[in-house]
Structures are given as C-alpha cells and as structure tokens.
Amino acid sequence: MEKELNRKEDQPFVENLLKYSKGFWKGLFTFYDYPLIPRTNNDLELFFRRIKQKHRRITGSRTWNRYIIRHGENIVFVENVSNEQEGLQMIKNVNYSAYKTEANKWEQRIGEHIKQRRFKKEPNEYLNTIEEKWKRHN
C-alpha cells in the first residue's frame, strides 16, 4: 500500500490507515496460525440473528438486551440441541464437579449483571443498600 500510494496527497490517508490498523494488528491474522478459527465471524453473526428473530417471534419485542443480560451464555446451549432427548443425554454426560464449578462461575457473572442493572435503574437506592450493609458489618 505504501508503495502504491506514494503521492503527497495520499500521505494523510496512508498515515491514518496505518495508525488505525496498528491497534488491530496483533491477532488480526490468528486464523493462519490456528486453522480451527474461522476467517470471518459471519457464522456467529448469523447465529445471533436467528436467535434474535426467534426471540422477537416469541415475545413480540424488537429489543433483546434484557434477554441477553439475563440468559447470555446459556442461549447457546438451548440452540445447539436438536431435540429434548439429545439435550437430556448431553446433560447426563456432564461430570457433576465440573458442572458445579461452571455453575458457580455463571452465578458470579449473573450476579454482576444484576448489580449493574440495579445500579443503572436506581443508583441512589443501590448505594444506600451497600452503605447499610457496610454499617452492619462494621
């Protein structure tokens, strides 16, 4: 690009492009080193679009922000199962201690989302609750 765009009027564009792309460079071509990583995220975008369309059909709501916040990671489990029997079989194959470890991680993340939602909805009430808890413990 620098060889082709070497006129004086091209310099601002070239400098801007190089400056902009420098932040993305690390990891930009990771798929060459790891063949299992797809070149694009088109399949992932299509997956999200299908989920969003199903949610819209079921609820009639055009937004799904609350749905994502509440169920986020769990959505993929339901969508990747073709029928109830297959889903039950997959669940039966999970080691209980591995399940418990992951469930604890999810609960922590969901707890953080709930805190954020409560703070955004009623910041003063949320902060007062925290102050009351602090006073009780000290």
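Look up a bit, the structure's there.
My aim in this report is to walk through the structure given alongside it, one point at a time. Since the structure is predicted, the reported quantities are computational estimates derived from the model, not experimental observations.

### A short note on the overall build of the chain
Working step 1: Within the chain, the secondary structure is distributed over eight helices and zero strands.
Working step 2: Of the regular secondary structure in the chain, the N- to C-terminal order runs α-α-α-α-α-α-α-α.
Working step 3: For 138 residues, the compact-globule estimate of 2.2 N^0.38 gives 14 Å, and the chain exceeds it by more than 25% at 24 Å.
Working step 4: Counting only C-alpha atoms, the chain reaches 65 × 50 × 35 Å along its principal axes.
Working step 5: Expressed as a percentage of its 138 residues, the buried residues of the chain come to 8%.
Working step 6: Taking contacts inside the chain between residues at least 6 apart in sequence as the whole, the part at least 24 apart equals 32%.
Working step 7: One finds the centroid of the 28 positive side-chain charges in the chain at a distance of 5 Å from the centroid of its 19 negative side-chain charges.

### Looking at the packing of aromatic side chains
The geometry of an aromatic ring pair is captured by two quantities: the separation of the ring centres and the angle between the planes.
Working step 1: Counting across every chain of the model gives six aromatic pairs.
Working step 2: Taking the centre distance of 6.0 Å and the plane angle of 40 degrees together, the rings of Tyr 96 and Tyr 99 count as tilted. Separated by three residues within a single helix, Tyr 96 and Tyr 99 lie in helix 7 (residues 96-121), roughly one turn from each other.
Working step 3: For Tyr 96, a relative accessible area of 57% translates into the label exposed.
Working step 4: By the ring-pair criterion, three or more aromatic residues cluster together here, those being Phe 29, Phe 31 and Tyr 32.

### Side note on helix 3 (residues 42-59)
Working step 1: For helix 3, which comprises 18 residues, the first-to-last C-alpha distance of 26 Å matches the rise-based estimate of 26 Å (1.5 Å per residue) to within 8%.
Working step 2: Among all positions of helix 3, only Phe 47, Ile 51 and His 55 are buried. For helix 3, the angular spread of buried residues about the axis comes to 70 degrees, placing them on one side. In helix 3, the exposed positions that point more than 90 degrees away from the buried face belong to Arg 49 and Arg 57.
Working step 3: Along its buried surface, helix 3 packs onto helix 4 (65-71) and helix 5 (75-79).

### A closer look at the pattern of salt bridges
Working step 1: Under the criterion given, the structure shown has three salt bridges.
Working step 2: The partner of Glu 9 in a salt bridge is Arg 7, and the shortest N-O contact between them spans 3.1 Å.
Working step 3: Glu 9 gets classed as exposed once you look at its relative accessible area, which sits at 55%.
Working step 4: Asp 10 serves as the salt-bridge partner of Arg 7, at 3.4 Å between the closest nitrogen and oxygen.
Working step 5: Here the salt bridges share partners, and the residues they tie into one network are Arg 7, Glu 9 and Asp 10.

### Side note on the packing of helix 7 against helix 8 (residues 123-137)
Working step 1: For the pair helix 7 and helix 8, interaxial distance at closest approach is 5 Å and the crossing angle is 120 degrees. The angle between helix 7 and helix 8 falls in the class oblique. Contacts between helix 7 and helix 8 involve Lys 115, Arg 118, Phe 119, Lys 120 and Lys 121 on the former and, on the latter, Pro 123, Tyr 126 and Leu 127.
Working step 2: Of the residues in the contact of helix 7 with helix 8, the class split is four nonpolar, no polar and four charged.

### With respect to the side chain of His 55
Working step 1: Position of His 55 relative to the elements: it lies in helix 3.
Working step 2: Aside from chain neighbours lying at most four places away, what touches His 55 is Gly 60, Ser 61, Thr 63, Trp 64 and Tyr 67.

The rules behind each value
Residues numbered from 1 in each chain as written. Predicted model: local features only at pLDDT ≥ 70, side-chain atom pairs only at ≥ 80, totals over all residues. Heavy atoms only, no water. Helix = DSSP H or I, 4+ residues; strand = E, 2+ residues; numbered from the N terminus. Rg over C-alpha atoms; globule rule 2.2 N^0.38 Å. Buried < 20%, exposed > 50% of the residue type's maximum accessible area, 1.4 Å probe, protein only. Contact = heavy atoms within 4.5 Å. Lys, Arg positive; Asp, Glu negative; His and termini not counted. Charge placed at Lys NZ, Arg CZ, Asp CG, Glu CD. Phe/Tyr/Trp six-rings, centres within 6.5 Å; stacked < 30°, edge-to-face > 60°. Expected span 1.5 Å × (residues − 1). Arc of directions from axis to C-beta. Salt bridge = Lys/Arg side-chain N within 4 Å of Asp/Glu carboxyl O. Axes fitted to C-alpha atoms, helices over the stretch in contact; angles between N-to-C directions. Parallel < 35°, antiparallel > 145°, perpendicular 65-115°, else oblique. Nonpolar A, V, L, I, M, F, W, Y, C, P; charged D, E, K, R; others polar.

Keep in mind that these numbers describe shape and distance, not what the molecule does.
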